[in-house]
Amino acid sequence: MSEATYEVRVAGALPDELLRELRDLTVTVEPPQTVLHGSLPDQSALFGLLSRIHGLGLRLIEVRQVPADPR
């Protein structure tokens with residue numbers, strides 16, 4: 001699988017330690033959710049992000065692949 005752009009919605013606010021790891025993604029807060037948006041290099045990176053979210057005890061709301069941002 002090649003690079004793809006994703007939108008990941010998580011309930012609540014993300015802890016600072018995860019925000020520091022997500023420098024390459026756009027993070028917006030749409031109370032009561034946090035939305036992560038950006039490109040991931042492959043499916044392993046997506047699963048790593050989801051595993052990290054799960055490991056922190058955060059509630060995953062939605063994951064979807066979205067069209068890449070025009071540059």
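Coordinates for the structure precede this section.
Residues numbered from 1 in each chain as written. Predicted model: local features only at pLDDT ≥ 70, side-chain atom pairs only at ≥ 80, totals over all residues. Heavy atoms only, no water.

(A) Geometry of the overall build of the protein. Helices and strands together make up the secondary structure of the protein, namely two helices and four strands. Listing every helix and strand of the protein by position from the N terminus yields β-α-β-β-α-β. What you see for the protein is a C-alpha radius of gyration of 12 Å, in line with the 11 Å of a compact globule of 71 residues. Projecting the C-alpha coordinates of the protein onto the three principal axes gives extents of approximately 30 × 25 × 20 Å. The buried share of the protein, taken over its 71 residues, is 32%. Put simply, of all contacts in the protein between residues at least 6 apart along the chain, 70% involve residues at least 24 apart. Working note: accessible area of the protein is about 4700 Å², and carbon and sulfur atoms make up 50% of it. (Helix = DSSP H or I, 4+ residues; strand = E, 2+ residues; numbered from the N terminus. Rg over C-alpha atoms; globule rule 2.2 N^0.38 Å. Buried < 20%, exposed > 50% of the residue type's maximum accessible area, 1.4 Å probe, protein only. Contact = heavy atoms within 4.5 Å. Areas by Shrake-Rupley, 256 points an atom, 1.4 Å probe, with all protein chains shown as cover.)

(B) Representation of helix α2 (residues 43–55) in the model. Look at α2: 18 Å from first C-alpha to last across 13 residues, which is about the 18 Å you get at 1.5 Å a residue. Of the residues making up α2, those classed as buried are L46, L49, L50 and I53. For α2, the buried positions fall inside an angular range of 95 degrees around the axis, keeping them on one side. Turned more than 90 degrees away from the buried face of α2, the exposed residues are S44 and G55. On its buried face, α2 is in contact with β1 (4–11), α1 (16–21), β3 (33–40) and β4 (60–66). Its side-chain oxygen placed 3.2 Å from the backbone nitrogen of S44, D42 serves as the N-cap of α2. Following α2 by one or two positions, G57 has its phi on the positive side, about 75 degrees. (Expected span 1.5 Å × (residues − 1). Arc of directions from axis to C-beta. Polar contact = N/O pair within 3.5 Å; in protein donor to acceptor, adjacent residues only side chain to side chain.)

(C) Representation of the pattern of salt bridges. Taken as a whole, this structure holds six salt bridges when the rule is applied. Here R9 makes a salt bridge to E30, at a shortest N to O gap of 3.2 Å. Of the two residues, R9 sits in strand β1 while E30 sits in strand β2 (residues 26–30), which places them 21 residues apart along the sequence. Classification of R9 by relative accessible area gives buried; the value is 17%. Overall, the relative accessible area of 37% leaves E30 in the partly exposed class. R52 serves as the salt-bridge partner of E17, at 2.9 Å between the closest nitrogen and oxygen. Residue E17 is located in helix α1, and its partner R52 is located in helix α2; the two are separated by 35 residues in the primary sequence. E17 gets classed as partly exposed once you look at its relative accessible area, which sits at 37%. (Salt bridge = Lys/Arg side-chain N within 4 Å of Asp/Glu carboxyl O.)

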